[in-house]
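Structural characterization, general
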Amino acid sequence: MSQPRNLTLRQAAEQIRAGTLTAETLVISCLERIAKRDKRVRAWVTLRIESDILAEARKLDQLAAEGTFRGPMHGMTLGIKDVID
């Protein structure tokens, strides 16, 4: 099975809206990849506390289950590069 972290933003958003993917599953997939690679890559200076990220994902999943979406980025994971010239 392909990992959710390998989906495009559009694919992940469509699957969350369709109910075939949860924000929690997407976050866990991304966190697993970060844990595996970041000691070498060192891309993350700050990473929200894992339990905080998972709690937010679960809240978003509950909203989705009720048919409420916060917009086109509902449930998406996001990394922001902080060093931009």
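The text that follows walks through the structure, step by step, so that each part is easy to find.

Thresholds applied
- Residues numbered from 1 in each chain as written.
- Predicted model: local features only at pLDDT ≥ 70, side-chain atom pairs only at ≥ 80, totals over all residues.
- Heavy atoms only, no water.
- Axes fitted to C-alpha atoms, helices over the stretch in contact; angles between N-to-C directions.
- Helix = DSSP H or I, 4+ residues; strand = E, 2+ residues; numbered from the N terminus.
- Parallel < 35°, antiparallel > 145°, perpendicular 65-115°, else oblique.
- Contact = heavy atoms within 4.5 Å.
- Nonpolar A, V, L, I, M, F, W, Y, C, P; charged D, E, K, R; others polar.
- Core = buried A, V, L, I, M, F, W, Y, C linked by side-chain atoms within 4.5 Å.
- Buried < 20%, exposed > 50% of the residue type's maximum accessible area, 1.4 Å probe, protein only.
- 1 Å grid on protein atoms, 1.4 Å probe; cavity = no way out; pocket = protein on both sides within 12 Å on 5 of 7 lines; lining within 4 Å.
- Points joined across faces, edges and corners; volume = space filled by probe spheres on them.
- Patch = residues over 30% accessible without salt bridge, like charges linked within 9 Å, V, L, I, M, F, W, Y side chains within 5 Å.
- Areas by Shrake-Rupley, 256 points an atom, 1.4 Å probe, with all protein chains shown as cover.
- Salt bridge = Lys/Arg side-chain N within 4 Å of Asp/Glu carboxyl O.

For the pair helix 2 (residues 23-41) and helix 3 (residues 50-65), the least separation of the axes is 7 Å and the interaxial angle reads 155 degrees. Here helix 3 runs roughly antiparallel to helix 2, going by the angle between their axes. Here Ala23, Glu24, Val27, Ile28 and Leu31 of helix 2 come into contact with helix 3, specifically with Glu50, Ile53, Leu54, Ala57, Arg58, Leu60 and Asp61. Along the lines of polarity and charge, the residues of the contact of helix 2 with helix 3 split into eight nonpolar, no polar and four charged.

So, about the nonpolar core. Membership of the largest hydrophobic core comes to 14 residues, with the highest contact counts inside it found for Ala12, Ile16, Ala23, Leu26, Val27 and Met76. Those elements that place two or more of their residues in this core are helix 1 (9-18), helix 2 and helix 3. The greatest single-element share of this core, amounting to five residues, is contributed by helix 2. Excluding anything up to four places from it in sequence, Met76 contacts Leu9, Ala12, Ala13, Ile16 and Leu26.

So, on to the layout of surface pockets. When its volume is computed, the largest pocket comes out at roughly 700 Å³. In terms of lining residues, the largest pocket is bounded by 32 residues, among which Val27, Met76, Thr77, Leu78 and Gly79 are the most central. Looking at the lining of the largest pocket, the elements that each hand over two or more residues are helix 1, helix 2 and helix 3. Partitioning the lining of the largest pocket into residue classes produces 20 nonpolar, seven polar and five charged. Of the voids in this model, the second largest pocket is the one considered here, and its volume is about 170 Å³. The wall of the second largest pocket is formed by Ala43, Trp44, Val45, Thr46, Gly79, Ile80, Lys81 and Asp82. Residue classes in the lining of the second largest pocket are distributed as four nonpolar, two polar and two charged.

All right, on to a nonpolar patch on the surface then. A surface patch of nonpolar side chains, about 450 Å² in accessible area, is lined by Leu9, Met73, Leu78 and Ile80. Structurally, Met73 is set in the segment after helix 3.

On to the pattern of salt bridges. This model, assessed by the stated rule, comprises two salt bridges. Note that Glu24 and Arg58 form a salt bridge whose closest N and O atoms lie 3.1 Å from each other. In this pair, Glu24 is assigned in helix 2 and Arg58 in helix 3, connecting sequence segments 34 residues apart.

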